[in-house]
Amino acid sequence: MTMTKSIAALAFGLLTVGLGSPADAGTSSKRIAFSVNYAGNTFRQQMIKAFQNVADKATSDGIIAGAKVFVTSENSVTEQAAQVRSLVLQGYDAIVITAASGDALNGAVKEACAAGIFVVTFDGLVSEPCAYKIEVDYHSLGLQQGEFFKQRLRDGGNLLQVRGIAGIPAEQQISDGHFDGLKDSKFKIAGTVYGQWTQTVARKEVAAILPTLPEIAGVLTEGGDGFGTAQAFADAGRPVPVIFLGNRFEELKWWKEQRDANGYKTHSAASNPASSTLAFWVAQQLLDGAKVPNHLPDNLVTVGPDELDSALANIKPGEVVSKSYTKDDTINLIKATQ
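The rules behind the values
Residues numbered from 1 in each chain as written. Predicted model: local features only at pLDDT ≥ 70, side-chain atom pairs only at ≥ 80, totals over all residues. Heavy atoms only, no water. Helix = DSSP H or I, 4+ residues; strand = E, 2+ residues; numbered from the N terminus. Rg over C-alpha atoms; globule rule 2.2 N^0.38 Å. Buried < 20%, exposed > 50% of the residue type's maximum accessible area, 1.4 Å probe, protein only. Contact = heavy atoms within 4.5 Å. Areas by Shrake-Rupley, 256 points an atom, 1.4 Å probe, with all protein chains shown as cover. Lys, Arg positive; Asp, Glu negative; His and termini not counted. Charge placed at Lys NZ, Arg CZ, Asp CG, Glu CD. Pairing = 2+ DSSP bridges. Right-handed = clockwise from strand over helix to strand, strands pointing away. Axes fitted to C-alpha atoms, helices over the stretch in contact; angles between N-to-C directions.

### Considerations on the overall build of the protein
In terms of regular secondary structure, the protein is built from 11 helices and 12 strands. The C-alpha radius of gyration computed for the protein amounts to 20 Å, which stays within 12% of the reference 20 Å derived for 338 residues, consistent with globular compactness. For the protein, the residues scored as buried account for 54% of the 338 residues in total. Within the protein, contacts between residues at least 6 apart in sequence are counted, and of these 75% link residues at least 24 apart. Accessible surface, the protein: about 13,900 Å² in total, of which carbon and sulfur atoms supply 52%. Of note, the protein has its 30 positive side-chain charges centred 1 Å away from the centre of its 35 negative side-chain charges.

So this is what it looks like as C-alpha cells:
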C-alpha cells in the first residue's frame, strides 16, 4: 500500500432512489438546507464554511434560490430529528445531513423522502435507503495507520489510541481499521481515550491517562487530535512518540518544526472537510433531474513527507487540507460511477 497517495474510492452499486424531475427543469427556485449534528471542532467549522461559500455563490449565480446551515447543540439526536422535520415543514427542496446517528434519524429522513424532498448524507451517514450517501472508506483511514506503524516501527511496542466521538458510525469504522491494520503485529494498545476530534479535548484526555501508561511508541488517531496529543506528552516531560496526524494546520506545522529540528518522521491523512461541497452539488443535481447513484465515493486526503511543505503552504491556521468540488467535478464523478 502506498502511503502517500489518496486511497482509491470503493466501487458502489447504481441503485437510484427518490423522485426525479425533468432534466431541463432547472433549480433556480429550489432551496437546500444543511443539517449539521456537531460543529465543535475546526474540521466541522471548515466543512460548514465550504458549504456556505459554494451555496452563496450558487445563489448569487441564480443556480438555486437559497441555502442555509442549521447546527444542533451537543450532537443531539433528538434535536436533529426534530430539526429535519422542521426543515420539511419549512419547504426546503433538498436536505444535506451529517448525522448524529446512523439509525436514529431514519424516521425523520423517511418522512422527508415521502414528502418528495431529496436527502443527501455524508460524513455522518444515515442508514435509511431513500437517502443518497457520499461515502468515505473510514475503515481504510484506520487500516493505513496500523499498516504505517508496522512499517515505521518494526520492533512493535505500546500504542495509545485517541478516538473521536463515541456512537458515530465513522468513528467506529476508523477504530476497527486500527485493529485490522495491526493484526499479526508486535503492538499492544496500552490505553484508549476519546479526544472528540478536537485538539484541546485530546490534550486534556491524553494528559489524564499518561501517568498510567508505560513507554508509548506510537499514537493512533482519528483526526483533529494529533497536536493536542503531542502537547500532552511535552507537558508531561515524556518523549513524544510517532503520532499519526490528521491534516490540520497546527499538526502539520508542528510536524515540520520537529522534522527540521530532529528529523521527526510520520504521516498524515483525513477525510475531506470540503466534502460538503460535493454534497451540495449532488443535491443540486438531484433537483435538476440527474440520475444519481444511491452511493457515491469520496477519497481521503493524504499528506506524506514529500507533500508536507506544499500542503502546509496552502492552508491557514485552523484549517484542514481539503479539496472543494465544483459543479463540473460532481457531474464527472456521477458519470464515472455509473
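### A few points about the pairing of strand S1 (residues 31-36)
Counting buried positions over the six residues of S1 gives five, a clear majority of the element. Judged from the six bridges that link them, S1 and strand S2 (residues 66-71) form a sheet pairing that is parallel. By the bridge assignment, Ile 32 is partnered in S2 with Ala 67. Taken together, S1, helix H1 (residues 42-60) and S2 constitute a β-α-β crossover, and its handedness is right-handed.

### A word on the sheet that holds strand S7 (residues 187-194)
The strand order S7-S6-S8-S9 describes an open sheet built from four strands, whose pairing is parallel. The open sheet has two edge strands with one neighbour each: S7 and strand S9 (242-243). Across three bridges, strand S6 (residues 157-163) lies against strand S8 (residues 218-220) in parallel orientation. Paired with Leu 160 across the strands is Val 219, a residue of S8. Relative to the sheet, helix H6 (residues 199-209) contacts S6 and S7, its axis offset from that of S7 by approximately 125°.

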